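Overview (structure and organization)
The chain contents come next:
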Amino acid sequence: MIKRAVCVDCERPLKTCLCDVMVTMASPYRIVILQDVKEAKHALSSAPLLEKSIEGAARFVGEHFDPDEIFGSAWREETLLVFPSDGALTAEQAVSTNFKNIILLDGTWRKVARLMHLNPWLSELRRLAIQPDVASQYKIRKSPRDDGLSTIEAAVAALNALSSEQDYSAILPAFYKMIDLQIDAMGSATYRKNYPPERR
């Protein structure tokens with residue numbers, strides 16, 4: 001079986017290269033993505049795009065993660081988890097804590113729940129509440145939550161809420177193009193059949 005040629009920069013098949021719309025931005029916080037093993041095999045995961053779009057971002061694939069190895073001994077005080085929950089901090093409250101790291105969990109809601117279960121230390125972290133201005137544009141994957149976002153969209157919403165000096169929405173066009181290319185590949189009829197308006 002002949003392997004498809006892959007772009008050395010965006011690491012996607014040359015036919016669906018995203019380099020013409022990809023940008024890389026600096027962040028005052030370290031972005032860490034904890035990715036479910038099965039999600040890492042999904043060709044349309046947004047986590048690799050996020051990793052390449054934010055300087056210093058790191059992606060770890062697995063089931064169990066050691067916070068001391070990833071963040072150092074001060075991980076409890078220096079890390080925020082982007083995850084919905086009662087009592088989550090607002091952006092203003094979060095900034096006042098002088099945190100350094102932001103964690104995003106990458107996977108379906110079921111996979112993310114499993115990561116939370118397998119890594120109880122995550123429950124010790126303060127959480128950041130994000131309120132998206134618009135619905136997710138992840139047109140070919142459905143979240144069970146009305147406010148559900150892809151990982152890259154969640155990161156943009158979090159960073160925009162935390163920083164008034166940068167608009168991180170500039171990294172999203174690569175994500176949008178990836179989705180549009182997939183819709184084009186499947187054909188409009190197939191897309192409408194499998195993803196009717198009421199599901200999007």
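Refer to the preceding data block for the structure.
What comes next concerns the included structure. (Residues numbered from 1 in each chain as written. Predicted model: local features only at pLDDT ≥ 70, side-chain atom pairs only at ≥ 80, totals over all residues. Heavy atoms only, no water.)

Describing the overall build of the protein chain
Let me state the cut-off plainly: Strands are runs of DSSP state E lasting at least two residues, helices are runs of H or I lasting at least four, and both sets are numbered from the N terminus onward. Categorising residues by exposure relies on relative accessible area from a 1.4 Å probe, with only protein chains included: less than 20% of the type maximum marks a residue as buried, more than 50% marks it as exposed, and the intermediate range marks it as partly exposed. Contacts between residues were defined by any pair of non-hydrogen atoms, one from each residue, lying within 4.5 Å. To be clear on the numbers: accessible area is Shrake-Rupley with a 1.4 Å probe, and residue cover counts the displayed protein chains and nothing else.
The helix and strand tally for the protein chain stands at 9 helices and 5 strands. Taken across its 200 residues, the protein chain has 42% of its residues classed as buried. Counting only contacts in the protein chain whose residues sit at least 6 apart along the sequence, the fraction spanning at least 24 positions is 71%. About 11200 Å² of surface is accessible on the protein chain, with carbon and sulfur atoms providing 50% of the total.

What to know about the environment of Pro-120
Among the structural elements, Pro-120 can be located in the loop between helix 6 (109-118) and strand 5 (126-128). Considered as a pair, Pro-120 and His-64 are 56 residues apart in the sequence and their alpha carbons are 9.7 Å apart.

Considering the packing of aromatic side chains
Applicable threshold: Each pair of aromatic rings taken from Phe, Tyr and Trp, with Trp reduced to its six-membered ring, is defined by centres within 6.5 Å and is described as stacked if the planes are under 30 degrees apart, edge-to-face if over 60, and tilted in the remaining cases.
Applying the stated criterion across every chain yields a total of 4 aromatic pairs. Between Phe-175 and Tyr-176, the aromatic rings sit 6.0 Å apart at their centres with planes inclined by 50°, giving tilted as the arrangement. You can call Phe-175 buried: its relative accessible area is 0%.

What about unusual backbone geometry?
Although it is not a glycine, Glu-11 sits at a positive phi angle of roughly 60°. Looking at the secondary structure, you find Glu-11 in the segment before strand 1 (30-35). Relative accessible area serves as the criterion here: at 54%, Glu-11 is assigned to the exposed category. Phi at Asn-98 takes a positive value of approximately 55°, unusual for a residue other than glycine. Assignment of secondary structure puts Asn-98 in the loop between helix 5 (91-95) and strand 4 (101-106).

Quick word on the nonpolar core
Convention followed: Only buried residues count toward a nonpolar core, which is a set of Ala, Val, Leu, Ile, Met, Phe, Trp, Tyr and Cys residues joined through side-chain atoms within 4.5 Å.
Formed by 35 residues in total, the largest nonpolar core has its most connected members in Ile-31, Leu-50, Ile-54, Ile-102, Leu-104 and Leu-162. Going through the elements one at a time, strand 1, helix 2 (47-53), strand 3 (79-82), helix 5, strand 4, helix 7 (151-162) and helix 8 (172-186) are the ones with two or more residues in this core. At 7 residues, the largest contribution of residues to this core is made by helix 7. In this structure Leu-162 touches Tyr-29, Ala-91, Ala-94, Val-95, Phe-99, Ile-102 and Leu-128, once residues within four positions along its chain are discounted. Core analysis: the second largest hydrophobic core is formed by 16 residues, Ile-103, Val-112, Met-116 and Trp-121 among them.

Notes on helix 8
The line we're drawing: Here the expected length of a helix is defined as 1.5 Å per residue gap, with one fewer gap than residues.
A rise of 1.5 Å per residue sets the reference length of helix 8, with its 15 residues, at 21 Å; its end C-alpha atoms lie 22 Å apart and thus fit the reference within 8%. Restricting attention to buried positions, one finds in helix 8 the residues Leu-172, Ala-174, Phe-175, Met-178, Ile-179 and Ile-183.

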